[in-house]
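Listed here are the chains, written in short residue letters.
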Amino acid sequence: MLKRKCSRLVAACAVAVTPFVSSAVSAAGLDGSSDTVCAVSHIVACLEDGTCLQGQARDFDLPALIVLDASKKVMRGTHESGHKGVSPVKNMEVSGDNLVLQGVENSRGWTISINTKTGHMSGSGVGDGISFLAHGTCTAL
């Protein structure tokens, strides 16, 4: 029963997102060669005691939009609160069908993986006693 519900959820998400990610856009530029914008759609935050919460970026004062400035190798994020963050990209490489970005900000390590064919994005931020998982969609600018 759970497997069937998960399959329906995945199918519904795929149908909802497909119109926004065209193959022409996703095929060009998601390899780190051009600026890229990612819309964060879902966050899971977990504490070291195992407590986890789910929500949107604004629920955790995290950026809902993240822009990769490819030429300067920095990630820029704007929070709903108005805070704007800039984080240097320490490592950027293509591995298979994924562009993998890594860096450090506010004493937390972060990693973002962008599928270069579909634009699907998964990211994590890990620090002292807390971790964040983010999911969303990216497109080249």
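Residues numbered from 1 in each chain as written. Predicted model: local features only at pLDDT ≥ 70, side-chain atom pairs only at ≥ 80, totals over all residues. Heavy atoms only, no water.

### Structural notes on the state of the cysteines
Summed over the entire model, instances satisfying the criterion amount to 2 disulfides. What pairs with Cys46 in a disulfide is Cys52, and their sulfur atoms sit 2.0 Å apart. With the S-S dihedral at roughly 110°, the linkage between Cys46 and Cys52 falls on the right-handed side. Overall, Cys52 belongs to the partly exposed group, its relative accessible area being 40%. Taken in N- to C-terminal order, the disulfide-linked cysteines of the protein are connected 1-4, 2-3. (Disulfide = S-S within 2.5 Å. Buried < 20%, exposed > 50% of the residue type's maximum accessible area, 1.4 Å probe, protein only.)

### Considerations on the environment of Glu93
Relative to the helices and strands, Glu93 resides in strand β6 (residues 91–95). The class for Glu93 is partly exposed, based on a relative accessible area of 41%. Residues Glu93 and Gly32, 61 residues apart in the sequence, show an inter-C-alpha distance of 7.8 Å. When near neighbours in sequence (up to four residues on either side) are disregarded, Glu93 contacts Asn98, Leu99 and Val100. (Helix = DSSP H or I, 4+ residues; strand = E, 2+ residues; numbered from the N terminus. Contact = heavy atoms within 4.5 Å.)

### Side note on the confidence of the model for the protein
Taken as a whole, the protein shows an average pLDDT of 83; of its residues, 80% reach a score of 70 or greater. Within the model, the stretch residues 1–27 combines pLDDT values under 50 with 12 contacts to residues more than four positions away or in other chains. (pLDDT = per-residue confidence, 0-100.)

### Some remarks on the nonpolar core
Grouped together as the largest cluster of nonpolar side chains are 20 residues, with contacts concentrated most on Ile43, Met75, Leu101, Ile112, Ile114 and Met121. Looking at this core, the elements with two or more residues in it are β1 (36–47), β3 (65–69), β7 (98–105), β8 (108–115) and β10 (130–140). Considering every element that reaches this core, the biggest residue donor is β1, with 4 residues. Beyond its immediate stretch of four places on either side in the chain, Leu101 contacts Leu68, Met75, Val89, Asn91, Met92, Trp110, Thr111, Ile112 and Ile114. (Core = buried A, V, L, I, M, F, W, Y, C linked by side-chain atoms within 4.5 Å.)

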